[in-house]
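Working through the structure, step by step
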Amino acid sequence: MSVIQGAPRGVIPGHLLKGQKALVTGANSGIGKATAIGLGRAGADVVVNYVAGRGEAEQVVEEISGFGVRAMAYEADVSQEDQVVAMIERMVQEFGTIDILVANAGLQRDAPFTEMTTAQWQKVLDVNLTGQFLCAREATKEFLRRGVVPEVSHAAGKIICMSSVHQLIPWAGHVNYAASKGGVQMMMETLAQELAPHRIRVNAIAPGAIRTPINRSAWDTPDAEKDLLQLIPYRRVGDPEDIAHAVVGLASDLMDYVVGTTLYVDGGMTLFPGFATGG
Ligand code: NAD
């Protein structure tokens, strides 16, 4: 049997999201970057949000422009209400509207529980949870204003929340992060219930272990990677493109009846692999 070492490449159909306008937050690194590029490859115009690192954001814009679609870098801190409001306003001015929001920006501030400062707790909640709330709220206002445009999509809008397997799996030493992702799950499901009658689809993706800067220490030495693979039945660490493919699919009309679901993209990490031989 041949072993596939990474995410399959070249599998995104070029016109799946033609004419749609997408915003990806935290899009100059890791999952957000691959997702912004994937959406552009699928034919969407893309706003590449970043909070620091304009150079990387411009590189993403350049790569997306190569697909013959429009792309624009926009600096905003997703935890700041005025900046999020201004970002969506600017997107609507430049692109006319927004069809797809990928609320991806996120960070970790790890510490053992009794050493975790209030600042570490608050920062993670502010970016990972409040940031998604603010972006979803402002995007939804535009979805509701515009309504469905059948030539573009069956839905008035699509929101994809970037969650984590840690909305389900407790994670010692990361109580702020796990709590933020647990919050994302219930926020996503509540928004999905509230907004579905308006034909707005809200869903989440829960990545497992994906090779990005956020978790470098978990995979960047052979010993660390070996330990990590014990947690992954599919026996490969994920690539950012694995998540980009899931986002493109969920955002497209192929998934028009998928509402309020979390898609775990984790190589089976949430299958309790410790029970494969025990229990
Ligand atoms: P990353 O560190 O490469 O990317 C995170 C991005 O978010 C960066 O571009 C960063 O600048 C941006 N960001 C941070 N604070 C921001 C703010 N206030 N405003 C705007 N942007 C901000 O990490 P990643 O792995 O690509 O993470 C992306 C998302 O995926 C996060 O929500 C993370 O929790 C989630 N996730 C990642 C993994 C993984 O294994 N890598 C697993 C599960 C979930």
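Residues numbered from 1 in each chain as written. Predicted model: local features only at pLDDT ≥ 70, side-chain atom pairs only at ≥ 80, totals over all residues. Heavy atoms only, no water.

Looking at an unreviewed UniProt entry, one finds the protein named SDR family oxidoreductase and attributed to Streptomyces celluloflavus. What UniProt states about the protein under its Sequence similarities (unreviewed entry) heading is, verbatim, "Belongs to the short-chain dehydrogenases/reductases (SDR) family." (UniProt positions renumbered as here; feature names shortened; annotations may be inferred.)

**A short note on the environment of Ile169**
Tracing the backbone shows Ile169 in the loop between strand 5 (157-162) and helix 5 (175-195). Taking the relative accessible area as the measure of exposure, Ile169 reaches 26% and is therefore partly exposed. A C-alpha to C-alpha distance of 19 Å links Ile169 and Gly260, two positions 91 residues apart in sequence. Those residues in contact with Ile169 that sit more than four places away from it in its chain are Met269 and Thr270. (Helix = DSSP H or I, 4+ residues; strand = E, 2+ residues; numbered from the N terminus. Buried < 20%, exposed > 50% of the residue type's maximum accessible area, 1.4 Å probe, protein only. Contact = heavy atoms within 4.5 Å.)

**A closer look at the site of the ligand**
Taken together, 28 residues form the shell around the ligand, and within it Asn28, Ser29, Asn104, Tyr177 and Thr212 come nearest. Between the ligand and Asp77 there is a distance of 2.8 Å, counted from a nitrogen atom to a side-chain nitrogen or oxygen. Within the backbone of Ile210, an N or O atom sits 2.8 Å from an oxygen atom of the ligand. When atoms are counted within 2 Å of each cavity's grid points, the one that captures over half of the ligand is the largest pocket. Those elements that provide at least two residues to the shell around the ligand are helix 1 (30-41) and helix 5. (Near = heavy atom within 4 Å. Polar contact = N/O pair within 3.5 Å; in protein donor to acceptor, adjacent residues only side chain to side chain. 1 Å grid on protein atoms, 1.4 Å probe; cavity = no way out; pocket = protein on both sides within 12 Å on 5 of 7 lines; lining within 4 Å. Sits in = over half its atoms within 2 Å of the grid points.)

**Some remarks on the sheet that holds strand 4 (residues 100-103)**
The pairing of strands in a sheet comes from backbone hydrogen bonds and takes either a parallel or an antiparallel form. The strand order across the open sheet built from seven strands is 3-2-1-4-5-6-7, with neighbouring strands paired in parallel fashion. Pairing within the sheet leaves two strands with one partner each, and these edge strands are strand 3 (71-75) and strand 7 (262-265). Going from strand to strand, the sheet's axes swing by 20 degrees on average, the running direction of each strand aside. Looking at chain direction, strand 4 and strand 5 are connected through four bridges and run parallel. Of the residues in strand 5, the one forming a bridge with Leu101 is Ile159. Sheet strands in contact with helix 4 (residues 118-146) are strand 4, strand 5 and strand 6 (200-207), and its direction is about 175 degrees off that of strand 5. Against the sheet, helix 5 makes contact with strand 5, strand 6 and strand 7, and its axis sits at roughly 160 degrees relative to strand 6, the strand it touches most. (Pairing = 2+ DSSP bridges. Axes fitted to C-alpha atoms, helices over the stretch in contact; angles between N-to-C directions.)

**Things to note about the packing of aromatic side chains**
Each aromatic ring pair is specified by the distance between its two centres and by the angle formed by the two planes. As enumerated under the stated definition, the model contains one aromatic pair in all. With a centroid separation of 5.6 Å and an interplanar angle of 70 degrees, the aromatic rings of Trp171 and Tyr177 are classed as edge-to-face. By relative accessible area, Trp171 is classed as partly exposed at 29%. (Phe/Tyr/Trp six-rings, centres within 6.5 Å; stacked < 30°, edge-to-face > 60°.)

**A few points about the pattern of salt bridges**
As enumerated under the stated definition, the model contains 15 salt bridges in all. Salt-bridge contacts for Glu81 lead to Arg137; the nearest nitrogen and oxygen are separated by 2.7 Å. Taken together, the positions of Glu81 in helix 3 (residues 81-95) and Arg137 in helix 4 put the pair 56 residues apart, joining distant regions of the chain. Residue classification places Glu81 among the partly exposed positions, given a relative accessible area of 44%. Given a relative accessible area of 27%, Arg137 falls into the partly exposed group. Residue Arg145 is joined to Glu142 by a salt bridge in which the shortest nitrogen-to-oxygen separation is 2.7 Å. Of this pair, Arg145 and Glu142 both sit in helix 4, three residues apart, which is roughly one turn of the helix. Taking relative accessible area as the criterion, Glu142 reaches 7% and is therefore assigned buried. (Salt bridge = Lys/Arg side-chain N within 4 Å of Asp/Glu carboxyl O.)

**Some remarks on helix 6 (residues 222-229)**
All of the buried residues in helix 6 are Ala224, Leu228 and Leu229. Considered in projection along helix 6, the buried side chains sweep an arc of 135 degrees and stay on one side of the axis. Seen from the buried face of helix 6, the exposed residues on the opposite side, beyond 90 degrees, are Pro222, Asp223, Lys226 and Asp227. (Arc of directions from axis to C-beta.)

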